[in-house]
Amino acid sequence: MTGELLLTGATGFVGMELLERYLCGSQTRIITPVRAADDQAAAERMDATLRALFGARARRYRSRVEALAADLLQPGLGLSTSRQLELAGRVGQIVHSAASVSFALPLAESRAINLEGTRQVLDLAELAQAQGGLERYAHISTAYVAGTHAGRFHEHDHDVAQTFRNAYEQSKFEAEQLVRSRPHLPVTILRPSIIVGDRRSGWTSAFNVLYWPLRAFARGLYPAVPAIPSAVVDVVSIDYVADAIYELCQSEAGIGETYHLTAGAQASTIAELVALASTYFNRPPPRVLAPGEFAEYAKGITAVQRSALGQSAVYFPYFSVNTVFDNARARARLEPLGLSVSPLAIYLERLLDFATRSRWGKRPIGRTEAALAA
């Protein structure tokens, strides 16, 4: 890569791991748009992120990271025209990682962040391409653009007349649609599935999706769950996702391609996850009931259990997924480089060890501290 890297979402879970890969694996200078009042406040946020990544070693990387105050919800990222043109002239690659991953937002709010935010970054990519320097626009999407599609969903699939479980899936589908509407850009689309912590240390900064129901089960609040035992739970570790995105963006190969960063054939099932969690927490497994049967059952549970189930309701549709994410193209590129997915069963205990030690995020444990303890 000849120009600089513009990385959005660098203070988020996936973005900060990508930041670490680029800082440690290359000499590239990195521009990080950060939502802040001014560039000084943006720099302070980025300094905190670098400390979280590297601890005492953070200072050695600071000179290669330029944080700038920007707002993906505003036209032109909230930057002046001259600043946009100046950035476009420097950028060789854009990795768009910023997104809302909330399953509970109304569609309009999800679109404002995931769709319109993507539009603003694409517009900057257009400016960079017009100046002749753009080598790649990498778009971090999600495998769950597949929505409720049943059966195998291939990397070349996109609009297969699917419906969506929530506004997150729909807004990410629409954002991908927008990216695909600009085929003249050097685009690579990357679709992770459910991302959990590091498979070596268990570290995570995001206790959502899989973690939320596991925490409730650990507290004895799930006598039953609405699920299908054979349903696929496609989970990938953050280290695999970050390593894969970094490697897939390092060569000219992959322009115009879409890659599934998913467990694929290594994915777990609800039945396996229930058994593993029950063993770890030394609790009887919850009853696994079909969603319709569960609705009737839930009428007789306690108020505390009902509250816990209600707070987890946005995640329950993912306990009945019958989509298999084909990842042949990604495996063909990554496995020769020594990058492969590990089955969740191999490292779930480490994830839960970290989650319980950190009290599910209430007692933060730094990434560096977690790595040293692994």
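Below: a short report on this structure. Along each chain, residues carry numbers from 1 onward, in the same order as the chain's sequence is written. It should be noted that, the model being predicted, local features are given only for residues of pLDDT at least 70 and side-chain atom pairs only at 80 or more, the latter also being counted only at that level, while totals for whole chains, interfaces and linings use all residues. As a rule here, side-chain values cover all heavy atoms of the structure and leave hydrogens and water aside.

## Overview of the overall build of the protein chain
Point 1. Comment: elements are numbered from the N terminus, with helices defined as DSSP H or I runs of at least four residues and strands as E runs of at least two. Across its full length, the protein chain carries 14 helices and 15 strands.
Point 2. Atoms counted for the radius of gyration: C-alpha only. Globule rule: 2.2 Å times residue count to the power 0.38. Whereas a compact globule of 374 residues would reach a radius of gyration of roughly 21 Å, the protein chain reaches 21 Å, a difference of no more than 12%.
Point 3. If one aligns the C-alpha atoms of the protein chain with their principal axes, the spans along those axes are about 65 × 50 × 40 Å.
Point 4. Classification of residues uses two cut-offs on accessible area relative to the type maximum, computed with a 1.4 Å probe and protein chains only: under 20% is buried, over 50% is exposed, and between them is partly exposed. Burial statistics for the protein chain: of 374 residues in total, 54% are counted as buried.
Point 5. By definition, residues are in contact when any of their heavy atoms lie within 4.5 Å. For the protein chain, the share of sequence-separated contacts (at least 6 apart) that also reach a separation of at least 24 residues comes to 82%.
Point 6. Here the protein chain has roughly 15,500 Å² of accessible surface; of this, 53% comes from carbon and sulfur atoms.
Point 7. All tallies of charge rest on Lys and Arg as positive and Asp and Glu as negative; His and the ends of each chain are not included. By convention, charge coordinates are those of NZ in Lys, CZ in Arg, CG in Asp, or CD in Glu. In the protein chain, which carries 38 positive and 36 negative side-chain charges, the distance between the mean positions of the two groups comes to 6 Å. For the area figures, the Shrake-Rupley method with a 1.4 Å probe applies, and any residue is considered shielded solely by the protein chains shown.

## A few points about the pattern of salt bridges
Point 1. The term salt bridge refers to a side-chain nitrogen of Lys or Arg lying within 4 Å of a carboxyl oxygen of Asp or Glu. A complete count under the given rule lists 25 salt bridges for this structure.
Point 2. Measuring nitrogen to oxygen at the nearest pair gives 2.6 Å for the salt bridge that ties arginine 21 to aspartate 243. Residue arginine 21 is located in helix α1 (residues 13-25), and its partner aspartate 243 is located in helix α8 (residues 238-248); the two are separated by 222 residues in the primary sequence.
Point 3. By relative accessible area, which is 9% here, arginine 21 ends up buried.
Point 4. Note on aspartate 243: relative accessible area 21%, which makes it partly exposed.
Point 5. One salt bridge in this structure joins aspartate 71 and arginine 35, with 3.8 Å as the shortest N-O distance.

## Observations regarding the sheet that holds strand β2 (residues 30-34)
Point 1. What makes two strands pair is DSSP finding at least two bridges between them. One open sheet accounts for seven strands, arranged β3-β2-β1-β4-β5-β7-β12; its pairing is parallel. Only two strands of the sheet have a single partner each, and these edge strands are β3 (65-69) and β12 (258-261). Taken pair by pair, the neighbouring strands of this sheet meet at an average axis angle of 20°, ignoring direction.
Point 2. By the bridge criterion, two bridges tie strand β1 (residues 4-8) to β2 in an arrangement that is parallel. Residue pairing for β2: leucine 5 is matched across the bridge by isoleucine 30.
Point 3. Axis lines are fitted through C-alpha atoms, for helices just across the contact stretch, and the angle between N-to-C directions can take any value from 0 to 180 degrees. Helix α2 (residues 39-54) rests against β2 and β3 of the sheet, and its axis sits at about 135° to β3.

## Re the packing of aromatic side chains
Point 1. A pair of aromatic rings is counted whenever rings of Phe, Tyr or Trp (Trp by its six-membered ring) have centres within 6.5 Å, and the orientation is called stacked for planes under 30 degrees apart, edge-to-face for over 60 and tilted otherwise. Going through the model one piece at a time under the given rule, you end up with 17 aromatic pairs.
Point 2. Relative to tyrosine 211, the ring of phenylalanine 207 has its centre 5.3 Å away and its plane inclined at 70°; by these criteria the two rings are edge-to-face.
Point 3. When its relative accessible area of 4% is taken as the criterion, tyrosine 211 is described as buried.
Point 4. Taking the centre distance of 6.1 Å and the plane angle of 80° together, the rings of phenylalanine 217 and phenylalanine 281 count as edge-to-face.

## Points about helix α6 (residues 167-180)
Point 1. Expected helix span is given by 1.5 Å per residue-to-residue step, counting one fewer step than there are residues. Taking 1.5 Å of rise per residue, 14 residues should cover 20 Å, and α6 covers 20 Å from first to last C-alpha, within 8% of that figure.
Point 2. Of all the residues in α6, the buried ones are Ala167, Tyr168, Glu169, Ser171, Lys172, Phe173, Glu174, Ala175, Glu176, Leu178 and Val179.
Point 3. Lining the buried residues of α6 we find α5 (107-130), β5 (136-140) and β7 (187-192).
Point 4. Any pair of nitrogen or oxygen atoms within 3.5 Å is treated as a polar contact; in protein, a donor-acceptor pairing is required on top of that, and neighbouring residues in sequence qualify only through side-chain atoms on both sides. Here α6 starts with a cap whose side-chain oxygen sits 3.2 Å from the backbone nitrogen of tyrosine 168, and that cap is asparagine 166.

## Here's the deal with the environment of leucine 334
Point 1. On the secondary structure map, leucine 334 appears in helix α12 (residues 328-334).
Point 2. Leucine 334 gets classed as buried once you look at its relative accessible area, which sits at 0%.
Point 3. Leucine 334 sits 90 residues away from alanine 244 along the chain, and the two C-alpha atoms are 6.9 Å apart.
Point 4. In contact with leucine 334, not counting residues within four places along its chain, are Tyr240, Ala244, Glu247, Leu248, Leu261 and Leu339.

## Thoughts on the pairing of β12
Point 1. Both faces of β12 are covered, namely the face carrying Thr258 and His260 and the face carrying Tyr259 and Leu261.
Point 2. Of the strand pairs in this sheet, β7 and β12 are connected by four bridges, and their pairing is parallel. Its bridge partner lying in β12, isoleucine 189 is registered against threonine 258.

## Some remarks on the nonpolar core
Point 1. Counting residues in each nonpolar core, the largest one holds 99 residues, and the members touching the most others are Leu19, Leu190, Ile245, Leu261 and Trp360.
Point 2. Per-element tally for this core: the top contributor is α8, with eight residues.
Point 3. The contacts of leucine 190, once residues within four sequence positions are left out, are Ala138, His139, Ile140, Ser141, Thr142, Ile245, Leu248, Cys249, Tyr259 and Leu261.
Point 4. By size, the runner-up hydrophobic cluster in this structure holds 24 residues, among which are Leu124, Ala125, Ala128 and Val187. To define a nonpolar core, start from buried Ala, Val, Leu, Ile, Met, Phe, Trp, Tyr and Cys residues and group those joined through side-chain atoms within 4.5 Å.

## A closer look at the side chain of threonine 188
Point 1. Looking at the secondary structure, you find threonine 188 in strand β7.
Point 2. The class of threonine 188 is buried, set by a relative accessible area of 0%.
Point 3. Within the local environment of threonine 188, its side chain forms a polar contact with the backbone oxygen of glycine 254, the two atoms lying 3.0 Å apart.
Point 4. Ignoring any residue separated from it by four or fewer positions in sequence, one finds threonine 188 in contact with Arg136, Tyr137, Ala138, His139, Gly254, Ile255, Glu257 and Tyr259.

On their own, these measurements won't tell you what the molecule is for.
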